[in-house]
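# A look at the structure
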Amino acid sequence: MEGQQKRQWGVTSAISETPPTEKELKSNDKLVEALKAKNNFESPEGTENRVTLLRHLQKVVEEFIRRAGKAKGLPASTVDSAGGKIYTFGSFALGVFNPGSDIDTLIVAPKHIYMDDFFEHFPPTFKEMSEASEITEFVPVPDAHVPIIKLEFRGVSIDLLFVSLPTMSQIPSDLELTERSCLRGLDDAGMRSINGARTVRELLDCIPQHKPFRVALRAVKLWSKGRGIYGNMYGYPGGIAWAIMVARICQLYPFACGATLLVKFFNLMGKWAWPRPVMLKSIEPGSLNLRVWNPAIYPQDRSHLMPIITPAFPSMCSTHTITHSTKDTLLKEFKRAEELLASIQNGKLAWADLFSPHTFFTEDHKYYLSVIAASRTKEARDVFSGLVSSKVRLLVKGIDDGVPGIDFARPFPAEFDRVHHCDNEDQVERVTQGVLDFVVKPEDTKASADETTDGESAKTPAHTIYTTTFYIGLTLPEGDRKPSLDISFPVSEFKRYITDATMYDENLMSVVVVHTRNHDLPADLFKGGETRPVKPAKKEKKEKKKASSKSVKRPFAETGLDASEQSAKRRHSEKAPNGLPTATPA
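Read on for an overview of the structure. Being a predicted model, the structure only gives us computed values, none of them experimental.

A tally of regular secondary structure across the protein chain gives 19 helices and 10 strands. Of the contacts formed within the protein chain by residues at least 6 apart in sequence, a portion of 73% connects residues at least 24 apart.

So, in structure tokens, the structure goes:
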């Protein structure tokens, strides 16, 4: 209506309110086609499976809360009226899920059900009420920064968080988490758990159009995962941080289509004046004795390198895990994407080129750290891998903060599981130090199954070792003279974080960090069509040595970074000068 004040989306006015042109709409259609070609949309059948699964989970939650109440000897009236409710957040709640997406879920319970009750009573209740064949994974991680149960059910991965509301004796089915009364009395762990579900609802209220937002966000998530820069646990933006960034672009271009939002996203985020925060609304002042993100008061908040602030009260930084190395990686990827988009817009490239995979293992680094978490049982591995993955970024930060001679330590945001069959303890020891001589290959597993089917029992190994390996790419300074490297302190601190955890069992678990050259990386890291780095020929090495005779080459003992000819002659238990073992070529 004329004279009516126009709504301002966000903390500043829009940059442009121009509607999309015909050319931009056609570009948007091509972007959607490219996303569909990447299987980025869930099928109707898959969506129905998720909805049915969540209905089942709601029933399990209500039953678990009843059982926990009975175990405490509470009156029947309290037990029967307790209620309990699940809330989704993340990609499912935002409407950008695909066939491989997990479902982030929060369980909200009344005040008499505690976190300990969740980990004690929920697992048996869920398993009793579900078909065992439909549960392919179930891993409680009570020691995580945000306590969680990770499970896979009916082909869908689910991350289960829990919160008990201290002021509510029952949880009604129509409870809205955006109400501030839900926060009263929560501790820090409870706040971290509940904030995701509250943030999604606030975020969707902060943007003018949901459809173009979802198209742009789908593209950004696909791009960031493909480029190896997705995952809060590893020091990159997680799902909610990427969503907030895209939502901010939506506020600045409220009528733009998804393709235009994507172009503006890379242009603005690459040039953003970090550490200026990305915010969707003004930060609400603190109340209820809850801490609100405020760099003017809290030194820890001032240390955040790329702050992206959640819109729900109390505002938090969703990117507090970003390190100097991961920030540098992100800025380089923003610039690369912006250059690709310029070629896509002028017709030289197609949208599919934006989603080309990373080159982390094939080109980006000469040296790597392999973080190897070894377990003697599959059940131990399921628990231990989660613990180690939550601490990898602390190793990266330790190298960033205190190791001269390394420009960047870039973690790869994924883990690699392997199974090893060993005949004796000596072989077990070698596996725990990074040797891959005894790894079970997929074709070996199939052959073993075929032998059993044919009536011939396969040989049972004396020991089966389960390893999960994480990789960190190292970038050293350019130039002839480089300093010696010693990362023993950040490594020892990293291992201490792990061995001090209550879930750590030295009889079943171990963790080591070993140096790995690019040409020694295991073959299973490379996909079809990728070129695996090869060891330089000796002739080439001699020619390079002559060409750079004036340079001062660091001896192996100074660097601590393994030369493959050294590692091939040395047992894995032998230590390099920096206190780290080195990996044998695979």
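Picking up where we left off.
Okay, the packing of aromatic side chains next. On inspection of all chains with the given rule, the structure shows 31 aromatic pairs. Where F126 meets F138, the ring centres are 5.8 Å apart and the plane angle is 35°; that geometry is what we call tilted. Of the two residues, F126 is situated in helix α5 (residues 115-129) and F138 in strand β3 (residues 135-141); the sequence distance between them amounts to 12 residues. Arranged with centres 6.0 Å apart and planes meeting at 45°, the rings of W272 and W274 form a pair that is tilted. Judged by relative accessible area, which is 14%, W272 ranks as buried. With relative accessibility at 12%, the residue W274 sits in the buried group. Grouped by ring-pair contacts, the aromatic residues F64, F118, F119, F122, F126, F138, F153 and F162 constitute a single cluster. Positioned above the aromatic ring of F41 is the side chain of R218, whose terminal nitrogen or guanidinium carbon lies 4.1 Å from the ring centre. Sitting above the plane of the W272 ring, R276 keeps its charged end 5.2 Å from the centroid.

For the structure shown, the criterion picks out 24 salt bridges. Where E338 meets K271, a salt bridge forms, and the shortest distance between an N and an O atom there is 3.0 Å. Of this pair, E338 sits in helix α11 (residues 324-345) while K271 sits in helix α9 (residues 258-271); the two residues are 67 residues apart in sequence, bridging distant segments of the chain. Classification of E338 as partly exposed rests on a relative accessible area of 25%. Overall, K271 belongs to the exposed group, its relative accessible area being 55%. K281 is paired through a salt bridge with E284; the nearest N and O atoms lie 3.2 Å apart. Using a relative accessible area of 23% as the deciding quantity, one classes E284 as partly exposed. Through salt bridges with shared partners, a single ionic network connects E63, R66, R67 and E128.

A regular strand carries its side chains on alternate faces of the sheet. Taking burial as the measure, the five residues of strand β1 (residues 85-89) include five buried ones, the bulk of the element. Side chains of β1 alternate between two faces, with K85, Y87 and F89 and I86 and T88 buried alike. Across five bridges, the pairing between β1 and strand β2 (residues 103-109) is antiparallel. Residue pairing for β2: I86 is matched across the bridge by I107.

All right, on to the environment of T167 then. With respect to the element layout, T167 can be found in the loop between β5 (156-164) and α6 (188-205). The partly exposed category is assigned to T167, whose relative accessible area is 44%. Taking the C-alpha atoms as reference points, T167 and S181, separated by 14 residues in sequence, lie 8.1 Å from one another. Leave out the neighbours within four places in its chain, and T167 touches S181 and R184.

Its location among the elements puts Q58 in helix α2 (residues 44-71). Here Q58 falls in the buried class, since its relative accessible area comes to 16%. Every residue in contact with Q58, bar those within four places of it in the chain, is listed here: G84, K85 and I86.

So, about helix α13 (residues 392-402). Burial in α13 covers these residues: V392, L395, V396 and I399. Viewed end-on, α13 has its buried residues packed into an arc of 100°, placing them on one side of the element. Of the residues in α13, the exposed ones pointing more than 90 degrees away from the buried face are D401 and G402.

A few words on the sheet that holds β3. Strand order across the open sheet formed by five strands is β1-β2-β5-β4-β3, with mixed pairing between neighbours. The strands lining the two open edges of the sheet, one partner per strand, are β1 and β3. The average angle at which neighbouring strand axes cross in this sheet is 25°, direction not considered. Where β3 lies against strand β4 (residues 148-153), six bridges are found, and the strand directions are antiparallel. The residue bridging E137 from the neighbouring strand is E152, located in β4. Its contacts with the sheet place α2 against β1, β2, β4 and β5, and it is angled at close to 25° to β2.

Checked against the element boundaries, F489 lands in helix α16 (residues 488-499). Here F489 falls in the exposed class, since its relative accessible area comes to 58%.

Ranked by size, the top nonpolar core spans 110 residues in total, and within it L165, L203, F213, W242, F265, L354 and V388 carry the most contacts. Counting residues per element, this core draws most heavily on helix α8 (residues 239-252), which supplies 10 residues. With sequence-adjacent residues up to four places away left out, W242 is seen in contact with L217, V220, W223, S224, I229, Y230, P237, F265, L330 and F334. Membership of the second largest hydrophobic core comes to 29 residues, among which are L57, F122, F126 and F162.

Rules used in this analysis
Residues numbered from 1 in each chain as written. Predicted model: local features only at pLDDT ≥ 70, side-chain atom pairs only at ≥ 80, totals over all residues. Heavy atoms only, no water. Helix = DSSP H or I, 4+ residues; strand = E, 2+ residues; numbered from the N terminus. Contact = heavy atoms within 4.5 Å. Phe/Tyr/Trp six-rings, centres within 6.5 Å; stacked < 30°, edge-to-face > 60°. Buried < 20%, exposed > 50% of the residue type's maximum accessible area, 1.4 Å probe, protein only. Lys NZ or Arg CZ within 6 Å of the ring centre and 35° of its normal. Salt bridge = Lys/Arg side-chain N within 4 Å of Asp/Glu carboxyl O. Pairing = 2+ DSSP bridges. Arc of directions from axis to C-beta. Axes fitted to C-alpha atoms, helices over the stretch in contact; angles between N-to-C directions. Core = buried A, V, L, I, M, F, W, Y, C linked by side-chain atoms within 4.5 Å.

Just distances and angles here, no functional claims.
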